[in-house]
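Letter by letter, the chains look like this.
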Amino acid sequence: MTTEEAAPRDMESAVAVVGMSGRFPGAPDLEAYWANLRDGVCSISTFTEKELLADGADEAEVRGAAYVPAQGRLADADRFEADLFGFNGTEAAALDPQHRVLLETAWSALEDAGYAPLDAPRHTGVYVGGGPTEHALAAGTDPALAASIGDLQVRILTDREFLAPWISYRLGLDGPSMTVQTACSTSLTAVHLAVQALLLGECDAALAGGVAIGSVRKQGYVHYQGGIFSPDGRCRPFDEKAAGTVPGSGVGVLVLRRLQDALADGDPVRAILRGTAVTNDGSGKVGFTAPGVDQQTAAITEAWSAAGLEPSAAQYLEAHGTGTELGDRIELAAASAAFAPGADTGIALGSVKSNIGHADAAAGAAALIKTILMLEHATLAPTVDVTSPVAALRDSPLRLVTQAREWPGRPGLPRLAGVTSVGIGGTNVHVVVQEAPEHRSRAGAAPHPVVLPLSARTQSQLALVADRLARRLREADDALRLADVAHTLRTGRVGMPVRAYVVAADAREASDRLTALAEGRRDTVTDPLGEAWLRGEEVTWPALDGEVRRVRLPAYPFAGESYGALTLRGPATAAAPEVPSPAPEDELDARVAALAIEALDLGDAAALERSYFEAGGDSLTAVHLAGRLRDEVGVDVPIQLFLEPITLREMTARIVEMKRNGAADGALDALLAEFEAES
């Protein structure tokens, strides 16, 4: 079968990207990310000496001749809307910034797909990975933190092996949950595993991607001759002047479903993954950290074979492209060998690392998301800071993109691209990406007023929700049907305490009313179900006329506070919480109450009027608190006490009574032994 025959037919093994979200240097969301890519912006930051020293850098190192004050930094990586995900303040401060940012990004990706994050499709899997972090290392060597919350809690809040399980737990996802680790190719390997799981029926939807936040501090690096880092803080893939890469941060998550399921359920398909493949160089290379040609070539050809296509059908390759002399040379040789047979026109080539630096475990997600955005906008984004492409490109089917230009269509074939990621240790991944099928507009019923419900956790966030939705309706170039918008808002968002709604008959009217709402002007048009929504009731919305589908709408605007991050040097960015002094009746009461307040990060003794779980407690915190009560107060508390529907004040009184009566229970020792055995 020829490529022309295979392209439209062989779609049973295709997987749809129905949602995605990401944050990258210079881009808090994908809208800003695309604008930077399209405009050829280099988002690698260069810091002043004052900035570096204020963030804890070593003064002697910063002033050294080899120090390069540059980084692809992710802004606000220390912020987190902890309450939304059920973490108290103590847990949020201990939670690694990678976990925090990845949780929020997974939430936004599901919203982008039109699914409420706490009501995702059944059997949703999670396949993600992350990089090493300063916070995790500092937490693991901080005896005060271990004494405060316990060794096990420190581990599960900071170790990257728990990245996937936290998402599954907090979002209620019951499919496979796997933390993936293949160094720099981690997030694209995660995509490959998610695709395979979907095709094998192991899950019906999947979150796939990765995160890399080595440190939240502003910091540069020391350049070593012969090392992988650039001497001038710029990454120039496939350029004659290329001399190394630049460390970067980022996070990207994609929501995947089998294409047939996505189309049947009316999901907003953003792109199609036609084939994926993973190989390893084995021993066929000059060293462990060096890449190899043959298995990179194999990954490409196997992925296109899985897609039922010839590699020559590609119009674009998003390369790993680190800007290192050895890495670029080997990757170019491997790609040229894979794409050359049958190629009669130049295949465009690019690397997002020139824009944001090397995002380590998130690099593959950054590259794949970039490629999907280019497909959606039919535009090839430039590789920046390149002035003289390497001579080897002249004998290659690949042509480096150095200026933004239209991505041309072609008769009989959709736009097609390949994305490659290469990890230290030799794991090579390639993904074949196809543009989404053209959406055919559907004739709907005559316009009539519909209710658009909105909610957030604060009034200021609600105003942002309204304003962003108004702009989306005003600027939409894809003729959004208001019924689809209403359907997505009703079924694809989590109801929060601060609520509002507008009633409108068309997109323009809705946009005007939403703008007024964002500006604090109350709408005089009301609706009985809308009023019930305002009161916080569970509303059963009536069926909308005609066939409805999910559409892409602005995601929830997170506005969490800064929880800092633990650091190995310099000024501390996360201080231990102060334990307020309760007003106890005696010293024993005071000690027990103080331990409960500290473990649950309660603001004051008044919070003792809530139950243990209402105050944010969980099973691990219960084990830790029981352990401290045993070690510091001398009483063995039955774990069952934490499960009872009583206030913390009543629980405190019972513990004090146990101490006075000499009560004991061996359940804690057994439970602790079980946890230790599992860890």
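Whatever comes next refers back to the structure up there.
Rules behind the numbers
- Residues numbered from 1 in each chain as written.
- Predicted model: local features only at pLDDT ≥ 70, side-chain atom pairs only at ≥ 80, totals over all residues.
- Heavy atoms only, no water.
- Helix = DSSP H or I, 4+ residues; strand = E, 2+ residues; numbered from the N terminus.
- Rg over C-alpha atoms; globule rule 2.2 N^0.38 Å.
- Buried < 20%, exposed > 50% of the residue type's maximum accessible area, 1.4 Å probe, protein only.
- Contact = heavy atoms within 4.5 Å.
- Areas by Shrake-Rupley, 256 points an atom, 1.4 Å probe, with all protein chains shown as cover.
- Lys, Arg positive; Asp, Glu negative; His and termini not counted.
- Charge placed at Lys NZ, Arg CZ, Asp CG, Glu CD.
- Core = buried A, V, L, I, M, F, W, Y, C linked by side-chain atoms within 4.5 Å.
- Pairing = 2+ DSSP bridges.
- Axes fitted to C-alpha atoms, helices over the stretch in contact; angles between N-to-C directions.
- Salt bridge = Lys/Arg side-chain N within 4 Å of Asp/Glu carboxyl O.
- Disulfide = S-S within 2.5 Å.
- Parallel < 35°, antiparallel > 145°, perpendicular 65-115°, else oblique.
- Left-handed = near helix turned anticlockwise from the far one by under 90°.
- Nonpolar A, V, L, I, M, F, W, Y, C, P; charged D, E, K, R; others polar.
- Expected span 1.5 Å × (residues − 1).
- Polar contact = N/O pair within 3.5 Å; in protein donor to acceptor, adjacent residues only side chain to side chain.
- Phe/Tyr/Trp six-rings, centres within 6.5 Å; stacked < 30°, edge-to-face > 60°.

J.: Where do I start with the overall build of the protein in this structure?
T.: A count of helical and extended segments in the protein gives 24 helices and 21 strands. In summary, the protein has a C-alpha radius of gyration of 27 Å against a globular reference of 26 Å for 679 residues, a match within 12%. Seen along its three principal axes, the alpha-carbon backbone of the protein occupies a region of about 85 × 70 × 50 Å. Each of the 679 residues in the protein was classed as buried or not, and the buried ones make up 57%. For the protein, the share of sequence-separated contacts (at least 6 apart) that also reach a separation of at least 24 residues comes to 78%. When the accessible surface of the protein is split by element, carbon and sulfur atoms take 51% of a total near 27,700 Å². Of the side chains in the protein, 58 bear a positive and 92 a negative charge, and the two mean positions are spaced by 5 Å.

J.: What's the story with the nonpolar core in this structure? I'm lost.
T.: Across soluble globular proteins, you tend to see nonpolar side chains buried next to one another. F80, F87, I167, L207, L452 and V485 are the most contacted members of the largest nonpolar core, which has 83 residues in total. At seven residues, the largest contribution of residues to this core is made by helix 6 (residues 97-112). In this structure V485 touches L452, L469, L473, L480, V551 and L553, once residues within four positions along its chain are discounted. One finds V17, A348, A381 and V433 within the second-largest nonpolar core, a separate group that totals 46 residues.

J.: Looking at this structure, how should I read the pairing of strand 6 (residues 124-130)?
T.: Along strand 6, seven of the seven residues are buried, which leaves the element largely enclosed by surrounding structure. Alternating positions in strand 6 separate into two faces, T124, V126, V128 and G130 on one and G125, Y127 and G129 on the other, with burial throughout. With seven bridges connecting them, strand 6 and strand 8 (residues 205-212) associate as parallel partners. Paired with V128 across the strands is G209, a residue of strand 8. Taken together, the three bridges between strand 6 and strand 7 (residues 177-179) define a ladder with parallel strand orientation. The residue bridging Y127 from the neighbouring strand is M178, located in strand 7.

J.: Is there a simple way to explain the sheet that holds strand 7 in this structure?
T.: Whether parallel or antiparallel, the strands of a sheet pair through hydrogen bonds between backbone atoms. Pairing in this open sheet of 11 strands is mixed, and the strands run 7-6-8-10-1-11-18-17-12-13-15 from one edge to the other. At either margin of the open sheet sits one strand with a lone partner, and together these are strand 7 and strand 15 (398-400). Put simply, the sheet's adjacent strands are angled 25° from each other on average, direction ignored.

J.: Just checking my understanding: could you explain the pattern of salt bridges for this structure?
T.: Two side chains carrying opposite charge are able to pair once their charged atoms lie near each other. As enumerated under the stated definition, the model contains 34 salt bridges in all. One salt bridge in this structure joins R38 and D39, with 2.9 Å as the shortest N-O distance. A relative accessible area of 36% places R38 in the partly exposed class. Across the pair R521 and E519 runs a salt bridge whose closest N-O atoms are separated by 2.4 Å. Since its relative accessible area comes to 53%, E519 is described here as exposed.

J.: Looking at this structure, how should I read the state of the cysteines?
T.: Defined simply, a disulfide is a covalent bond joining two cysteines at their sulfur atoms. This structure, assessed with the given rule, holds zero disulfides. Left without a disulfide partner, C42 is nearest to the cysteine sulfur of C235, which lies 8.8 Å away.

J.: I keep staring at the packing of helix 13 (residues 293-306) against helix 14 (residues 325-339) and nothing clicks. Help me out?
T.: Helix-helix packing: each pair is described by the crossing angle between the helix axes and the interaxial distance. The geometry of helix 13 relative to helix 14 is characterised by a closest axis approach of 8 Å and an angle of 40° between their N-to-C directions. With respect to helix 14, the element helix 13 is oriented oblique. Helix 14 is crossed by helix 13, and the crossing has right-handed handedness. Of the residues in helix 14, those touching helix 13 at V293, Q296, T297, I300, T301 and W304 are I330, E331, A333, A334, A335, A337, A338 and F339. When the residues that make up the contact of helix 13 with helix 14 are grouped by side-chain class, the tally is 10 nonpolar, three polar and one charged.

J.: What exactly am I supposed to notice about unusual backbone geometry here?
T.: Backbone geometry follows two general trends: most residues other than glycine have a negative phi, and most peptide bonds adopt the trans configuration. We note that H123 has phi near 55°; this positive angle belongs to a residue other than glycine. Judged by relative accessible area, H123 falls into the partly exposed class, the value being 29%. Backbone geometry at F238 places phi at a positive 60°, although glycine is not the residue there. Along the chain, F238 turns up in the loop between strand 9 (221-222) and strand 10 (250-258).

J.: I tried to follow helix 19 (residues 507-518) on my own but got confused; where do I start?
T.: Three- or four-residue spacings in an α-helix give side chains the same orientation, since the helix completes a turn every 3.6 residues. For helix 19, spanning 12 residues, the distance from its first C-alpha to its last is 16 Å, which sits close to the expected 16 Å at 1.5 Å a residue. A510, S511, L514, T515 and A516 are the residues of helix 19 that are buried. A side-chain oxygen of the first residue of helix 19 lies 3.2 Å from the backbone nitrogen of R508; this N-cap is D506. Looking one or two residues beyond helix 19, the residue adopting positive phi is G520, at roughly 90°.

J.: What exactly am I supposed to notice about the environment of G130 here?
T.: One can find G130 in strand 6. Taking the relative accessible area as the measure of exposure, G130 reaches 0% and is therefore buried. In sequence terms G130 and R257 are 127 residues apart; their C-alpha atoms lie 23 Å from each other. Apart from the residues within four sequence positions on either side, G130 is in contact with Q98, R160, L163, V180, Q181, T186, V211 and A361.

J.: Could you clarify how one ought to interpret helix 13 in this entry?
T.: Here helix 13 is 14 residues long and its end C-alpha atoms lie 20 Å apart, about the 20 Å a rise of 1.5 Å per residue gives. Within the span of helix 13, buried status applies to Q296, T297, A298, A299, I300, A303 and W304. Against strand 11 (271-280), helix 14, strand 17 (416-422) and strand 18 (427-435) lie the buried residues of helix 13. Looking one or two residues beyond helix 13, the residue adopting positive phi is G308, at roughly 75°.

J.: What's the story with the pairing of strand 17 in this structure? I'm lost.
T.: The side chains of a regular strand alternate, residue by residue, between the two faces of the sheet. Counting buried positions along strand 17 gives seven out of seven residues, so the element sits mostly inside the fold. Judged by which residues are buried, strand 17 turns out to be covered on both faces: L416, G418, T420 and V422 on one side and A417, V419 and S421 on the other are all buried. Where strand 12 (residues 316-318) and strand 17 come together, three bridges link them in parallel fashion. Note that in strand 17 the partner of Y316 across the bridge is A417. Relative to strand 18, strand 17 runs antiparallel, the two being bridged by seven bridges. Looking across to strand 18, one finds that V419 is bridged to V431. Where strand 17 folds back onto strand 18 in an antiparallel hairpin, the turn is made up of four residues, including G425, whose phi is positive at roughly 105°.

J.: What should I look at first to understand the packing of aromatic side chains in this one?
T.: The geometry of two aromatic rings is summed up by the distance between their centres and the angle between their planes. Counted according to the given criterion, the structure contains 12 aromatic pairs. Ring centres of W166 and Y169 lie 6.0 Å apart, and the angle between their planes is 55°; on these two criteria the pair is classed as tilted. Linking W166 with Y169, this pair stays in helix 10 (residues 163-171), spanning three residues, or about one helical turn. In this structure W166 comes out as buried when scored by relative accessible area, which is 10%. Judged by relative accessible area, Y169 falls into the exposed class, the value being 54%. Residues W533 and W541 carry aromatic rings whose centres are separated by 6.2 Å and whose planes lie at 50° to one another, so their mutual orientation is tilted. The exposure class of W533 is buried, given its relative accessible area of 12%. Given the relative accessible area of 17%, W541 is considered buried.

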